[in-house]
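Here are the chains, one letter per residue:
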Amino acid sequence: MTAPVINGWFTVDGGTAHLLGTRCADCRTVYFPPRTGFCRNPYCDGEDLAETRLPRRGTVWSYTNSCYPPPAPFVTADPYVPVTLAAVELAGTGIVVLGQVKDLTVDDLRVGMELELTTGPLADGPLVWMWGAPGATAERQNGESS
Amino acid sequence: MSDVVILGAGMHPWGKWGRPFVEYGVAAARAALRDAGLEWTDVRFVVGADTIRNGYPGFVAGATFAQAMGWNGARIASCYAACASGAQALDIARTRILAGLCDVALVVGADSTPKGFFAPVGGDRPDDPDWLRFRLLGATNPAYFALYARRRMALYGDTAEDFAAVKVKNALAGSANENARYRKTVTAAQVLASPLVADPLRLMDICATSDGGAALVLASAEFARRHGASRPVRLAAVSTVTPSFPSTVLELPDFATDSTAAVPPPERPFRAAIAHAAYEEAALGPDDLSFAEVYDLSTALELDWVEDLGLCARGEAAKLLRAGDTALGGRIPVNPSGGLASFGEAVPAQAIAQVCELTWQLRGVAGARQVEGARIGLAINQGLFGHGSSIIATS
Ligand SMILES: [Zn+2]
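Residues numbered from 1 in each chain as written. Chains lettered and ligands numbered in written order. Predicted model: local features only at pLDDT ≥ 70, side-chain atom pairs only at ≥ 80, totals over all residues. Heavy atoms only, no water.

> Honestly, empty space enclosed by the protein in this entry has me stumped. Any pointers?
Over the atoms, a rolled probe matching the size of one water molecule traces out where space is still vacant. Residues and elements named next belong to chain B. For the structure on display, the rule yields two cavities of 30 Å³ or more. In this model, the largest cavity occupies a volume close to 120 Å³. The dominant element in the lining of the largest cavity, judged by the number of residues it contributes, is helix α14 (residues 347-363), at five residues. Considered as a void within the structure, the second largest cavity measures approximately 30 Å³ in volume. Lining the second largest cavity are K167, M204, D205, I206, C207, D296, S298, T299 and A341. Its residues placed into classes, the lining of the second largest cavity shows four nonpolar, two polar and three charged. (1 Å grid on protein atoms, 1.4 Å probe; cavity = no way out; pocket = protein on both sides within 12 Å on 5 of 7 lines; lining within 4 Å. Points joined across faces, edges and corners; volume = space filled by probe spheres on them. Helix = DSSP H or I, 4+ residues; strand = E, 2+ residues; numbered from the N terminus. Nonpolar A, V, L, I, M, F, W, Y, C, P; charged D, E, K, R; others polar.)

Structure below.
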């Protein structure tokens, strides 16, 4: 795959994107971005944090867009297309993860709707995780044969 | 606890003046000292709230201001806590007074800001989440404010018209404030016609960045008595608490919240916890307040704060706004200074400026924006990276 913009935060496995978090072996708290070294739960002394794949689907906590090009170090496409952002609450983890939204605008989004993890390129090439319509990745992959 | 009082308050007007931040800070400090009826050489402790956008002198703001005023041998401290820097500086100063280590302390914050949205400090810094959120997501500060605003609309039915009404209210109050950068009243139609920045927030929903300076002279109550100050404004609480794990609100500049997989969310989310700690320390509650200065980085965020302060139930801040309760002349005026909507944000000076407004309101000298019979005022804000900031002052 195209190089990820950051190592160890997500992976694409057989065409399917996964966010990579870590989970404390002692208290089971999940972290994203991945944390190593020690658990941040103040009631836990855990130091064994192992990589874990986070749930791929969740519900929209909130969403917005950037109508103006964000400043550097963001690299803007020319012409600029507004970046759509969604904060998505991952099923079963009680964790909300912010990401760019792929192929949807704010007009398509609603608080509480379900989105699924995918990836997409930044304007200068590297891949980043994104939120997309559920099944959109699979549809595109099947699209060639249907 | 013995009392710490506010003997002097001073500001350099907010604007986009293009001068070094030191000049604003010194102007504010001199104004605060004049207000207190004290000489610079009376000051035994200086705390500077740092600015990170003005090089080395900004990182050692206490020393920078002390040197600029003319070295007087006073002890100094400098502190950085993002938007809460001023409150932290105030807390350090009052703690030193409470410890009996000095009688008179000067707290100063000032900033000189570049144009446009806040961008991260330069360089290639992939270990800094504040740099990464721009690089990976293009997530600007207004984007985070917009997430909160959209969520209010979805959960409570707030509308763009409600957000515009906050701006109209604050601009009206700010039009009567000689230190505000924006002195013009605005209409809801003007707000709603301003360009979208981060849906649903428009340009006039979002606070600008400004140049400005603010300063306070604190003293022990005993010193104030000796100095002949009759009934000075009293610092009743300074809350600088941090969040409790797990923090379940997506905070600037984070990519994610904490997980609630192992530990349930705390009783109070962070903003409400900041206020709660201030109320506890002052032994006061929301019903006791005469007015509040809240950190309206966006119009919608003012409504969040109104609820975090317990001025109404969760989800009902827009109802208070529509009823005129939070306007000047209303039941509980919010941002009688005009708020960030009228000032724009000068980060290290802003929390100090909030307390200047508390001081003037509680002395009854706020002129056309005076809150009738103001006896107890609260200022609150939240700095990046878990810095709480709330001050309660009483007349
Ligand atoms: Zn743990």
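Read on for the rest.
> When you look at the nonpolar core in this model, what are you seeing that I'm missing?
As a rule of thumb, soluble globular proteins bury nonpolar side chains together. Membership of the largest hydrophobic core comes to 89 residues, with the highest contact counts inside it found for A:F32, A:W129 and A:W131. Tallying contributions element by element places helix α6 (residues 141-156) of chain B first for this core, with seven residues. (Core = buried A, V, L, I, M, F, W, Y, C linked by side-chain atoms within 4.5 Å. Buried < 20%, exposed > 50% of the residue type's maximum accessible area, 1.4 Å probe, protein only.)

> How should the coordination of the zinc ion be read in this particular structure?
Ideal geometry at a metal centre: 109.5 degrees between donors when four sit tetrahedrally, and 90 or 180 degrees when six sit octahedrally. Residue and element names in this part refer to chain A. The coordination sphere of the zinc ion contains the protein donors C24 (SG), C27 (SG), C39 (SG) and C44 (SG), at a distance range of 2.3 to 2.4 Å. Around the zinc ion sit four donor atoms; with metal-centred angles ranging over 104 to 115°, the donor geometry is tetrahedral. Summarised as a motif, the one-chain spacing of the donors to the zinc ion is C-x2-C-x11-C-x4-C. For the pair formed by C39 and C44, the shared burial category is buried. (Donors = N, O, S within 2.8 Å, 3.2 Å for Na, K, Ca; no water. Tetrahedral: all angles 85-135°; square planar, octahedral: opposite > 155°, others 65-115°.)

> Even after reading the chapter, I still don't get the environment of B:L320, so can you show me in this structure?
Within the fold, B:L320 resides in helix α12 (residues 317-322). Considering only alpha carbons, one finds B:L320 and B:L303, 17 residues apart in sequence, at a separation of 9.2 Å.

> What is the right way to read the environment of B:A180 from this model?
All names here are of chain B. As for its position among the elements, A180 is in the loop between α7 (160-174) and α8 (188-193). For A180, a relative accessible area of 6% gives the class buried. Among all residues touching A180, those that are not within four sequence positions of it are W14, G174, S342 and F343. (Contact = heavy atoms within 4.5 Å.)

> Any chance you could explain the packing of α6(B) against helix α11 (residues 299-308) of chain B here in plain terms?
All names here are of chain B. At a minimum axis separation of 8 Å, α6 and α11 run at an interaxial angle of 65°. Classified by chirality, the crossing of α11 by α6 is left-handed. Counted together, Y148, A149, R152 and Y156 of α6 and A300, L301, L303, D304 and E307 of α11 form the full contact between these two elements. Of the residues in the contact of α6 with α11, the class split is six nonpolar, no polar and three charged. (Axes fitted to C-alpha atoms, helices over the stretch in contact; angles between N-to-C directions. Left-handed = near helix turned anticlockwise from the far one by under 90°.)

> It is not clear to me how helix α4 (residues 85-98) of chain B should be interpreted in this structure. Could you clarify?
Within an α-helix, residues lying three or four positions from one another point in the same direction, as the helix has 3.6 residues per turn. Residues and elements named next belong to chain B. Taking 1.5 Å as the rise per residue, α4 with 14 residues should run 20 Å; its terminal C-alpha atoms sit 20 Å apart, in good agreement. By the burial criterion, the buried members of α4 are S85, G86, A87, A89, L90, D91, A93, R94 and I97. Directly after α4, the chain includes G100, whose backbone phi takes a positive value near 80°. (Expected span 1.5 Å × (residues − 1).)

> Whenever I open this one, α11(B) confuses me. Can you help?
Residues and elements named next belong to chain B. α11 sits mainly inside the fold: 10 of its 10 residues count as buried. Listed as buried for α11 are T299, A300, L301, E302, L303, D304, W305, V306, E307 and D308. Sitting at the head of α11, S298 places a side-chain oxygen 3.3 Å from the backbone nitrogen of A300. (Polar contact = N/O pair within 3.5 Å; in protein donor to acceptor, adjacent residues only side chain to side chain.)

> I would appreciate a short explanation of the interface of chain B and chain A in the present structure.
In many reports, interface size means the accessible area that the parts give up when they come together. Contact with chain B, which involves 40 residues of that partner, is made by 46 residues of chain A. Taking both partners together, chain B and chain A bury about 3400 Å²; carbon and sulfur atoms supply 68% of that area. Counting across the chain B and chain A interface gives one salt bridge. Salt-bridge contacts for A:D124 lead to B:R135; the nearest nitrogen and oxygen are separated by 2.8 Å. Of all the secondary structure elements, the ones that give two or more residues to the side of chain B that touches chain A are α5 (129-137), α6 and β5 (196-198) of chain B. For the side of chain B that touches chain A, the class distribution of residues is 29 nonpolar, five polar and six charged. (Buried area = accessible area lost by both parts, 1.4 Å probe. Salt bridge = Lys/Arg side-chain N within 4 Å of Asp/Glu carboxyl O.)

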